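# Coordinates in review
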Amino acid sequence: MRDINFLTETNAKPIWHPMAHPAEMRANPPKVIMKGEGVMVTDIAGNTVLDAVGGLWNVNLGYSCDPIKKAIADQLGALPYYSGFRGTSTGPSIELAYELCEWFEPEGMVRTFFTSGGSDSVETALRLARQYWKIRGQADRTKFIALKKGYHGTHFGGASVNGNANFRRNYEPLLPGVFHIPAPWTFRNPFDETDPVRLAKLCARALEDEIAFQGGDTIAAFIMEPVLGAGGVIVPHESFMPQVREICDRHEILLIADEVVTGFGRTGAWSGSRLSGVKPDFMTIAKAITSGYFPLGATLIGAKVADVFEADKTSFGAIGHGYTYSGHPVGCAAGLAALAETKRLRLNENAAARGVELAAVLEGLKAKHAIVGDVRYKGLMAALELVSDRATKKPADKKTMALVSEAAYEAGVMLRVSGNAIILSPPLIVSAADVARIGEALDAGLSKV
Ligand code: PLP
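Analysis parameters
The residue count restarts for each chain, going from 1 along the sequence in the order it is written. A pLDDT threshold of at least 70 governs which residues receive local features in this predicted model, and a stricter bar of 80 or more applies before side-chain atom pairs are shown or counted, although totals over entire chains, interfaces and linings include all residues. UniProt positions are given in the numbering used here, feature names are shortened, and annotations may be inferred rather than shown by experiment. We count a residue as near a molecule or strand when its backbone-placed C-beta atom lies within 6 Å of that partner. Working definition: helices are DSSP H or I runs of at least four residues, strands are E runs of at least two. Numbering for both runs from the N terminus. All amino acids are sorted into three groups, where Ala, Val, Leu, Ile, Met, Phe, Trp, Tyr, Cys and Pro are nonpolar, Asp, Glu, Lys and Arg are charged, and the leftover types, Gly among them, are polar. Two strands form a pair only when DSSP identifies at least two bridges running between them. Think of each axis as a best-fit line through the C-alpha atoms, taken over the contacting stretch in the case of a helix, with angles from 0 to 180 degrees between the N-to-C directions. Placing a C-beta atom from the backbone of each residue, one calls two residues in contact when those atoms lie within 7 Å.

- If you look the protein up in an unreviewed UniProt entry, it shows as Aminotransferase class III-fold pyridoxal phosphate-dependent enzyme from Mesorhizobium ciceri.
- Looking at the Sequence similarities (unreviewed entry) heading of the UniProt record, one finds this comment for the protein: "Belongs to the class-III pyridoxal-phosphate-dependent aminotransferase family."

Listed below in structure tokens is the structure:
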């Protein structure tokens, strides 16, 4: 690799960064991360900070997980790539598909379709949902319903079900036949309802209304994150997803749980669906599947859908969909090692215990700093929503958000800013001391404004 001077000088010039304005990145280049160890990362200037972002919600096992590194190295030595398309397969992909079905058996998952990441997994679920209805002779069922504020990646299908204008406007027109209902977000919702149980009912009723308006027999699937992540960690009341499941069942609509963030223990449960005992028809997973060590994702398929495809006698059953890297053997070897470590360390239990501590820290910060309008958390996914005025809930501006995160960085903790929210998703191996340190750095950041 070229030297540090070259990297510093060239930073943000030849590269366009996702989710950023190219000119803004040139003017204010991003931090260049050079090293990771445990839950810490070191930037090009030699600053070592606690990574309260966990890479991008994905590095659940931290940066020093030797079993994953070894599995990757061993698999590279044995077979760096072979295709999983019709006609060939590889050992690690067979084994990981088997393990995932076993691991997510409580959610009713019986088959695995591998992808290269979360957006691919969502795209796969949307496409297979439409295909399911073609096989069943109901070709009119093509529409999708989703939650406002939901995030489902950036392919055209995923962007279409996305519920945030920032990820939609510049790319419209998107997929036709996609509709959104309000998310059960107590801090901001069109019903001015702050009680989570009542709000869950109102949002479920909004789903019923939309289905009635569209015609239930035109809807292929409803998609939701069990806990909304990128939208600012919106935690629906545990009664919401079971109501959604019941409504979907009554109208025979498929339910896609987007578990790209919530899979593998981040909420304190092994999946977000498991938090409320819901069995979706598809689960989309990625991110922590390899703890971020290799790009990989999967769409898991429930028995009802699998049975229809596997019993198909029509011309619609063959899957005309897949990725060159579906079932990449190195990714799957990384996935097997990550899953084994995740189970061995019972990361869900640590996420739940540290999550309780983090929640107390955040409530303390809200009590202390008027700029904190709302705090939201579930396990080790959390957000602080900053406002310039608590009464009007006016979002804090960009400059304030940057000030807080820079001050926290100087205090030794990397945060992520998304709109007027600070998002926290540290590795699930964090200790109680790490949580305290995150709180101190947040306090230092918030004290600056
Ligand atoms: N779905 C959810 C819930 C996500 O949070 C993300 C990414 O953050 C995606 C899908 C897209 O995943 P990827 O960025 O791996 O394509």
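Moving on, there is more to tell.
## Section: the site of the ligand
- Not every one of the 14 residues close to the ligand is listed here, only the nearest: Gly117, Gly118, Ser119, Gly153 and Val260.
- The element that contributes the greatest number of residues to the shell around the ligand is helix α6 (residues 118-135), accounting for three residues.
- Looking at the shell around the ligand residue by residue, the classes come out as six nonpolar, six polar and two charged.

## So, the sheet that holds strand β10 (residues 297-302)
- Across the sheet, seven strands lie side by side as β4-β10-β9-β8-β7-β5-β6; this open sheet has mixed pairing. Among the strands making up the open sheet, the edge pair consists of β4 (109-115) and β6 (178-181). Each strand axis lies, on average, 20° off the axis of its neighbour in the sheet, ignoring direction.
- When strand β5 (residues 143-147) meets strand β7 (residues 219-224), the two strands line up parallel, connected through four bridges. When the bridges of β7 are listed, Phe144 appears paired with Ala221.
- Against the sheet, helix α5 (residues 91-103) engages β4 and β10, with an angle of about 135° to β4.

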